[in-house]
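Overview (structure and organization)
Chain residues, written in single-letter form:
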Amino acid sequence: MKKEEKVAEFLREEGYNVSAEDILIGQFVPGFLQNFITFVPKYVFLAYNDKEFFVIGTNVWKGTPDKNKLRSYSLNEVDIKLKNALLNGKLVLTFNDGKKEKYRIFKLNFASFASRNFKKALEHFNR
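Presented here is an overview of the structure given in this document. All figures in this text were calculated on a predicted structure; none of them were measured in a lab. Along each chain, residue indices are assigned from 1 in the same order as the chain's sequence is written. Two thresholds apply to this predicted model, a pLDDT of at least 70 for residue-level local features and 80 or more for giving and counting side-chain atom pairs, whereas whole-chain, interface and lining totals are computed over all residues. Note that the side-chain values use all heavy atoms of the structure and ignore hydrogens as well as water.

Right, let's get into the packing of aromatic side chains. What characterises a pair of aromatic rings is the spacing of the ring centres plus the angle enclosed by the ring planes. Only the six-membered ring of Trp is used, alongside the rings of Phe and Tyr, when aromatic pairs are assigned; centres must lie within 6.5 Å, and planes under 30 degrees apart are stacked while those over 60 apart are edge-to-face, with the rest tilted. Considering all chains together, one arrives at six aromatic pairs under this definition. With a centroid separation of 5.8 Å and 80° between ring planes, the pair formed by Tyr43 and Phe106 is classed as edge-to-face. You can see Tyr43 sitting in strand S2 (residues 43-48) and its partner Phe106 sitting in strand S7 (residues 100-106), a full 63 residues away along the chain. Residue Tyr43 is classed as partly exposed on the basis of its relative accessible area of 25%. Residue Phe106 is classed as buried on the basis of its relative accessible area, which comes to 17%. Taken together, Tyr48, Phe53 and Phe125 form an aromatic cluster joined through their ring pairs. Our definition puts a charge over a ring when NZ of Lys or CZ of Arg is within 6 Å of the ring centre and also within 35 degrees of the ring normal. Its end group placed over the ring of Phe113, Arg116 keeps NZ or CZ at 4.4 Å from the ring centre. By definition, any uninterrupted DSSP run of H or I lasting at least four residues is a helix, any uninterrupted run of E lasting at least two residues is a strand, and each is numbered from the N terminus. Each residue's exposure class comes from its accessible area (1.4 Å probe, protein chains only) as a fraction of the maximum for that residue type: buried when under 20%, exposed when over 50%, partly exposed otherwise.

If you want it as structure tokens, here you go:
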């Protein structure tokens, strides 16, 4: 089972309607590391549906979704911008209070739907 399918199953168990095509694999980028590529990524999963956006932290050792690290945001309270870069994508969440979170999205990832899902998300968030 691919990572995206595991995450979609995890979200369905939590009561959210999300498909495997709506899952992105990424890495949180703290402000002071914005211009650097970190070689040992700590995975984070990003998912969306018509009403909500999800940030799912992972278990450090297994890289599986962690129930205690699930955050859900209404699309009314967060603005999402996804930019296409050469080797990865850059996703920025801007909250109503002005706070920003930045993520590096993997466009290619072994045993995943990363490239196809990235293209779909790019179309979705850059209308």
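To continue, consider the side chain of Lys107. Among the structural elements, Lys107 can be located in the loop between S7 and helix H2 (114-125). Asp and Glu are treated as the negative residues and Lys and Arg as the positive ones, with His and the ends of the chain left uncounted. Just to be clear on terms, a salt bridge is a Lys or Arg side-chain nitrogen sitting within 4 Å of an Asp or Glu carboxyl oxygen. At 13 Å, Glu123 is the nearest oppositely charged side chain to Lys107, a buried residue that forms no salt bridge. Two N or O atoms form a polar contact when they lie within 3.5 Å of each other; inside protein one atom must be a possible hydrogen donor and the other a possible acceptor, and for residues adjacent in sequence the pair counts only when both atoms belong to side chains. A distance of 2.7 Å separates polar atoms of two side chains, one belonging to Lys107 and the other to Asn84. At a separation of 2.7 Å, a polar atom in the side chain of Lys107 contacts the main-chain carbonyl oxygen of Ala85. In what follows, residue pairs with any heavy atoms lying within 4.5 Å of each other are defined as contacts. For Lys107, the residues in contact, after removing those within four places along its chain, are Asn84, Ala85, Leu86, Leu87, Asn88, Gly89, Ala114, Ser115 and Phe118.

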